[in-house]
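# Fold and contact review
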Amino acid sequence: MRKLEYIDELMKSLAGKPSVHAPKYRVADYNCLNITLKTYYARKRKLYADAYPDFYDADLRQLFSAPSGIKASTYLRRSRRRLLNSVCQWTNEKKFRVNKLLSRLIERCDELKLHVLNDDPQQDFRVTAFITTLVMNYLFTGKFKRTK
């Protein structure tokens, strides 16, 4: 209690006095801001969209739209080497980066509980085209984002 009383007394003695340590820089005047925080963060989210987990959701739901069948993540794990080799061959991208992308897609498919039909012969083609598109976007923009 004595400590609190001492601090209270100290603060009363300092009240109204100028700061002993004044900063060497001038605090910026923010009246010149012409966008709201909502707009600022919306732009920031769009710029870094592929870092958000839901970035791939719409495409993954379209790719793996079967109501039942094997889990999409299981399909991707089984096809991983084949998809990886195919995408890397045609995009000339490093396997490490494509493998990291595949890992993110597998994780997201698990979270979304997506499924794929066992006997769909076109599935490899669609998935390879999707991943190739993401990689090519990455090569041209530095991000896996789609250009809209």
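Right above here is the structure, for reference.
Keep in mind that this is a model prediction, so the values were computed, not measured.

Glancing now at the packing of aromatic side chains. Following the criterion strictly, the structure yields two aromatic pairs and no others. When the ring of Y40 is compared with that of Y41, the centres are 5.0 Å apart and the planes differ by 75°; the resulting orientation is edge-to-face. Judged by relative accessible area, which is 36%, Y40 ranks as partly exposed.

Residues F64, L76 and I131 are the most contacted members of the largest nonpolar core, which totals 27 residues. Those elements that provide at least two residues to this core are α3 (57-63), α4 (72-91), α5 (95-112) and α6 (123-141).

Here the focus is the pattern of salt bridges. As enumerated under the stated definition, the model contains seven salt bridges in all. Between D57 and R108 there is a salt bridge, with its nearest N and O atoms 2.7 Å apart. Here D57, found in helix α3, pairs with R108, found in helix α5; they are 51 residues apart in sequence, far enough to count as distant. The two residues D57 and R108 agree in class, both being buried.

The rules behind these values
- Residues numbered from 1 in each chain as written.
- Predicted model: local features only at pLDDT ≥ 70, side-chain atom pairs only at ≥ 80, totals over all residues.
- Heavy atoms only, no water.
- Phe/Tyr/Trp six-rings, centres within 6.5 Å; stacked < 30°, edge-to-face > 60°.
- Buried < 20%, exposed > 50% of the residue type's maximum accessible area, 1.4 Å probe, protein only.
- Core = buried A, V, L, I, M, F, W, Y, C linked by side-chain atoms within 4.5 Å.
- Helix = DSSP H or I, 4+ residues; strand = E, 2+ residues; numbered from the N terminus.
- Salt bridge = Lys/Arg side-chain N within 4 Å of Asp/Glu carboxyl O.

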